[in-house]
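Observations on chain architecture
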Amino acid sequence: MADVKNLHPLEVKLLRHVNPGEDITAQRIVDELGYKIGQCNQAFSWLSAKSCLEEKSRKTVVSYELTDTGREQAEKGTPAVRIFNLLCEEEALGLPEIAERLGLEKSDIGSAYGSLSKAGITAMNAENKAYLKSRELPEQALQTHELLKKGLMGPLEESTLTQTEKALMAGVSKKRGAANSPYKVTEREDVVYTLTEEGEKTKEELLKANITGEEIGVLTPAMLASGTWKNAQFRPYGLDAPVSRLIPGRHNPYGDYIRWVKDKLTSLGFEEFDGPLVENEFWNGDALFMPQFHSARDIHDVYYVKNPVHCREIEEPWLSNVAATHENGGNTGSRGWNYSFDHEFTRRQILRSQGTVLSAHQLTKAKVPGKYFGVVRCFRYDQVDATHGADFYQTEGIVIGKDVNLKNLLGLLKMFATEIAGAEEVKYVPGYFPFTEPSIEVHIKHPVLGWFELGGSGIFRPEVTKPLGIDEPVLAWGLGIDRMALMHLGLNDLRELFSPNIESVRTRRGN
Amino acid sequence: MPKMETTEKLFWSLLGREYTDEELEYVFPRAKAELDGHDRENGVIKIELNDTNRPDLWSPMGVARLLRNYENPQPLHYDFFSSKNYTADSEGRTFIIGNRAKEVREFSLGFAADGKTVDEDILLTLIQSQEKLCFNFGRKRKTIAMGIYRNDLIKYPVHYDGVDPDATHFVPLHMEEDLTLRQMCEKHPKGIEYGYIVKDKPVFPYLSDDNGDALSFPPVINSARIGAVEVGDNNLFVEMSGPILRDLILCASIMACDMADLGFTIRPIRVIFPEETEFGKEITIPYYFQDSQSCTLEQIRTVLGEDMTIEDAQEALARMGVYSVTDKDRVFITVPEYRNDFLHPVDVVEDVMIGYGLENFEPVIPKDFTIGRLSPAEELSRKVKDLLVGMGFQEMMYNYLGSKAEYLDNMNVDTSKAIFIANPMTENFEVVRPSVLPSLLKSESISASAVYPHRIFEVGKIAYLDPLDNSGTTTRNSLGFMLADPANAGFNDINSMINTLMYFLRKEYTLSVPENETRFIPGRCAQINVGGKAVGVFGEVHPQVLENWGCSVPAAVCEIDLDSLL
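Analysis parameters
Residues numbered from 1 in each chain as written. Chains lettered and ligands numbered in written order. Predicted model: local features only at pLDDT ≥ 70, side-chain atom pairs only at ≥ 80, totals over all residues. Heavy atoms only, no water. Helix = DSSP H or I, 4+ residues; strand = E, 2+ residues; numbered from the N terminus. Rg over C-alpha atoms; globule rule 2.2 N^0.38 Å. Buried < 20%, exposed > 50% of the residue type's maximum accessible area, 1.4 Å probe, protein only. Contact = heavy atoms within 4.5 Å. Areas by Shrake-Rupley, 256 points an atom, 1.4 Å probe, with all protein chains shown as cover. Buried area = accessible area lost by both parts, 1.4 Å probe. Salt bridge = Lys/Arg side-chain N within 4 Å of Asp/Glu carboxyl O. Polar contact = N/O pair within 3.5 Å; in protein donor to acceptor, adjacent residues only side chain to side chain. Nonpolar A, V, L, I, M, F, W, Y, C, P; charged D, E, K, R; others polar. Domains from an automatic or database assignment. Pairing = 2+ DSSP bridges. Axes fitted to C-alpha atoms, helices over the stretch in contact; angles between N-to-C directions. 1 Å grid on protein atoms, 1.4 Å probe; cavity = no way out; pocket = protein on both sides within 12 Å on 5 of 7 lines; lining within 4 Å. Points joined across faces, edges and corners; volume = space filled by probe spheres on them. Left-handed = near helix turned anticlockwise from the far one by under 90°.

Here the focus is the overall build of chain B. Secondary structure summary: chain B contains 15 helices and 28 strands in total. Relative to a compact globule of 566 residues, whose C-alpha radius of gyration would be 24 Å, chain B shows 33 Å and is clearly more extended. For chain B, the spread of C-alpha atoms along the three principal axes comes to 95 × 65 × 50 Å. Buried residues in chain B amount to 59% of all 566 residues. Counting contacts in chain B only where the partners sit at least 6 residues apart, residues at least 24 apart contribute 69% of the total. For chain B, the accessible surface area stands at approximately 23,300 Å², while carbon and sulfur atoms represent 48% of it.

Pasting the structure below:
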């Protein structure tokens, strides 16, 4: 059964007013409850949908209503009657003159005069002026006028007309009332409803709950000022009524996740770094002791900047230090890569391909001890698909300290695994990165994702740190948080993280 | 990362016993390898290798050698190596390098192997090793190309030289037509793939025997006769060519050790160069060239954080196949013949770590106290984001690469300030985003069905050309926001939002009429100035821009350079 609290006052009042077995018609509700016809139809439709009312019978009622033209003719007479009356007073008049005197359109005069002369009442004299041949109006003209006057009382239902009136009506009415015809015809469906069993029960509920439909829908400042609220009853709200949609201002849930990771890292004592999107081969690779011929530095791995192709200069002493390290180890204790360092290639500009670039930059300005991190956008030459983006975030950082070592690196990874990834188990395996030695990969058992590689890490090679002015050991780490972000957002396609689709972003939720 | 396959049959025989998957998963990390799959039905094991500086591990023989030794450390004796102080007997096999070779591809060298019949397993394994070494270590044959030939058919000495590409011809492998070297570059699939390495040189590399019979056109293709090794052959000649001598010698050593492990007898060859090399004018291959490396116990302890003894370290190294002697607290290692990755003492330390077992190191939290801090840009961006969200905006996040059409053409702006990529993969990703606004309009263009009003924003990076910077570019933190609505998305709406934003950011600002602004309706846009400097722009988006994007609802947008507000 319908929740009586969800009923509209129009429904409530109607239900309370009617009894089982009675005929319920729009006319009755309009008369007895003072509803407007629209309100009445609304209430019928709502209550029928709730099975409180059912249709008993339905018939089409045709009625006739005066148009503005019809009203004027009813009051002043039809054009034919008026022409007749005018000609009674005057000898003979030209048609334009008649139109002017009566204030009527020439076309109306024309057709009215036509009907009069056809009936033999009028005729034209030699001067082309109309005069009366007979001083008696035809019956039909008088009856038509009477029919119009009858309409002044209100719409005429077809069923109340005599046979003669019906015949006359056909001549003066048009469906959907063209403006120039005196009557317009309307058809309406007259439906008779009765209360159903469901309706009866609902009515009883209404009585029991003492809901009258007179309850107040809105508390107004005026009521508060006047105090009328004190005796007022308020319309209760149904709790299962559908709610309307609200579109709030919101943070992007992926952005929220990154914010959370940044907060976590700062809480662990890390300071944030950042840098430009356009880098050069020096910082992106050379400073990280990746040989200039390294396969990951190929044209098929990084994006080159078209213009300017090269940066103006690489800062000293870093350039000389790094070049020497590549060629013969410089002062790092390494034998180097044993090739001739290309000073032009090193200035070539690219889009940052790894977050570690910023760790290298940071080494030149780092404090000891120090912990630094960045969540930074990187670019790879990859076919874009569900697991590869043209650009993506990497989370990277370093720890510098006089005594940091492998065991600290493992400790750090364990801390990330539990604090950031919520890992249940942690496993370390030897890894390989050109810029760290030793290198460690950390695999974790995630409560939802199972075992996966959380990140890569290691101790920066002396060939990386010494040329950049750091003698202390530096732990370097990178975390792949995108998989966890996808899981957090219930997504499985990396491209979705940067979705431009407004509706999709609006409705996306974090876990 | 290189990936390889091996049959169970071959792998178990190399390992000396069968391993369970659990055992493989446990021991593979010692070789920086991962079990990539095990197809029991066909008896195939797939392995992924993670160390790009250890090409010796890119074969079942290399991985098995390391694992075998890890379980039962025993010094290996490959007695076919020559060195600075010892020259093995090459039994009259010589390999002569001509003096025009350096004009195209300077070095070539090789060795022979017999005593084992090539079966299908061995053939596939050798081809796989050849591919991995040439593709990954040899940079797609640029620095190493390898050929294996039928030694029975070769009349020594073998000759390698630069030759006239139009006068030299033979029938290449997998073809029946006799082609010149230049024709091979145009017609043979391998020529089309690798011909570019040599095709602009005055001479092309050519390998032939003393009868003048062709062995190959390195680095492109073998000959169809001597260069067609098949199942049943038991006498092979292995050759490699390239511009870096050390890489070739190492590669030959790896192949020789692998083939010895497969049961071949390695037959050295004396290679005679036209000029002195760093190892002399004549080198007998395989050749041990590696320098010794050492590290101190102190270095091991400092890096690993473990108070191990020098014996612990030596034992750990031995498990990695690295044998050492000590002098006081210094460990001197003998670099294995098939390795050349000990650049620095830390490389020795890493082998100690793996040999010792990573599971035997206790994780310890670093004890230094440091203060965590967000960057000033992040602090400001959070403040701005919170204000925008408070004004009912949805935060968006976008890619930073896009097309010229979207970032520039659609926006009615020219290319003069945009950073283009020289090697775009597709034109969809060829420009770095010079503004947040095109990203916002892209959203609008695909979101007509989302309930209006649309209020979206992003705080993100943009980059454009800037002649004042060393890089000629600048990267900025930028705020962009957009209001799109059929009825209320005008200048005044955005204006009051900017007023609110600036009030809470405590920034005094003025508005002025922007110059050369083509993105907005003229007279319905403004430049935002702080301290007399332009920091942003806003206005009603020009109908032409909306039409370019296919947007059917009016929009007003704003972009503010946050770095200028710091």
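If you look at the interface, chain A gives 98 residues, while chain B gives 86 residues. For the pairing of chain A and chain B, the buried interface totals around 8,000 Å² over both sides, and the portion due to carbon and sulfur atoms is 57%. Summed over the shared surface of chain A and chain B, the result is eight salt bridges. Among the salt bridges present, the one from A:Asp274 reaches B:Lys461, with a minimum N-O distance of 2.7 Å. Seen at the junction of chain A and chain B, the total is 46 residue pairs in polar contact (both at pLDDT 80 or more). Among the elements that make up the side of chain A that touches chain B, the one with the highest residue count is helix 16 (residues 406–419) of chain A (eight residues). Considered class by class, the residues forming the side of chain A that touches chain B number 45 nonpolar, 25 polar and 28 charged.

We now examine the domain arrangement of chain B. Structurally, chain B comprises domain 1 (3–71), domain 2 (94–285), domain 3 (293–360) and domain 4 (376–565). Distance between the C-alpha centres of domain 2 of chain B and domain 4 of chain B: 59 Å.

Read across the open sheet, the seven strands follow the order 7-10-11-15-14-13-12 (chain A); overall the sheet is mixed. Strands at the two margins of the open sheet, each flanked by one partner only, are strand 7 (271–272) and strand 12 (425–430) of chain A. Bridge count for strand 10 (residues 370–379) of chain A against strand 11 (residues 391–400) of chain A is 10 bridges, and the pairing is antiparallel. Note on strand 11 of chain A: the bridge partner recorded for A:Phe373 is A:Gly397. Contacts from helix 10 (residues 345–356) of chain B reach strand 12 and strand 13 (436–446) of chain A, with the element oriented near 35° to strand 13 of chain A.

Summed over all chains, the structure comprises five cavities of 30 Å³ or more. Counted as a void, the largest cavity has a volume near 370 Å³. Along its surface, the largest cavity is lined by 25 residues, and A:Lys262, A:Tyr393, B:Glu378, B:Lys385 and B:Val459 are the ones closest to its centre. Of all the secondary structure elements, the ones that give two or more residues to the lining of the largest cavity are helix 12 (253–267) and strand 10 of chain A together with helix 11 (376–390) and strand 23 (454–465) of chain B.

As a further point, take the packing of helix 1 (residues 8–15) of chain B against helix 3 (residues 60–71) of chain B. All names here are of chain B. Contact geometry of helix 1 with helix 3 gives a least axis separation of 9 Å together with a crossing angle of 35°. Seen from above, helix 1 lies across helix 3 with right-handed handedness. For the pair formed by helix 1 and helix 3, the contact residues are Leu10, Phe11, Leu14 and Leu15 on the first element and Pro60, Met61, Val63, Ala64, Leu67 and Arg68 on the second. Its residues assigned to classes, the contact of helix 1 with helix 3 shows nine nonpolar, no polar and one charged.

With that settled, the discussion passes to the pairing of strand 11 of chain A. All names here are of chain A. Burial of strand 11 is extensive: 10 of the 10 residues sit out of reach of the surface. Burial along strand 11 is two-sided: the residues Asp391, Tyr393, Thr395, Gly397 and Val399 and Phe392, Gln394, Glu396, Ile398 and Ile400 are all buried. Direction of pairing for strand 11 relative to strand 15 (residues 474–479): antiparallel, over a ladder of six bridges. Residue pairing in the sheet places Val399 in a bridge with Leu475 of strand 15.

This part covers the domain arrangement of chain A. Split into domains, chain A comes out as domain 1 (1–52 + 196–243), domain 2 (68–188) and domain 3 (255–507). Put simply, the middle of domain 1 of chain A and the middle of domain 2 of chain A, counted by C-alpha atoms, are 50 Å apart.

Once that is clear, we can look at the pattern of salt bridges. Within this structure, the stated rule accounts for 66 salt bridges over all chains. With its nearest N and O atoms 4.0 Å apart, the salt bridge here joins A:Lys367 to A:Glu271. On the criterion of sequence distance, the pair formed by A:Lys367 in the loop between helix 15 (356–363) and strand 10 and A:Glu271 in strand 7 is long-range, its members being 96 residues apart. The salt bridge involving A:Glu463 is made with A:Arg461; its shortest N-O contact spans 3.1 Å. Classification of A:Arg461 by relative accessible area gives buried; the value is 6%. Members of the salt-bridge network, linked through shared partners, are A:Lys262, A:Asp263, A:Glu272, B:Glu378 and B:Arg382.

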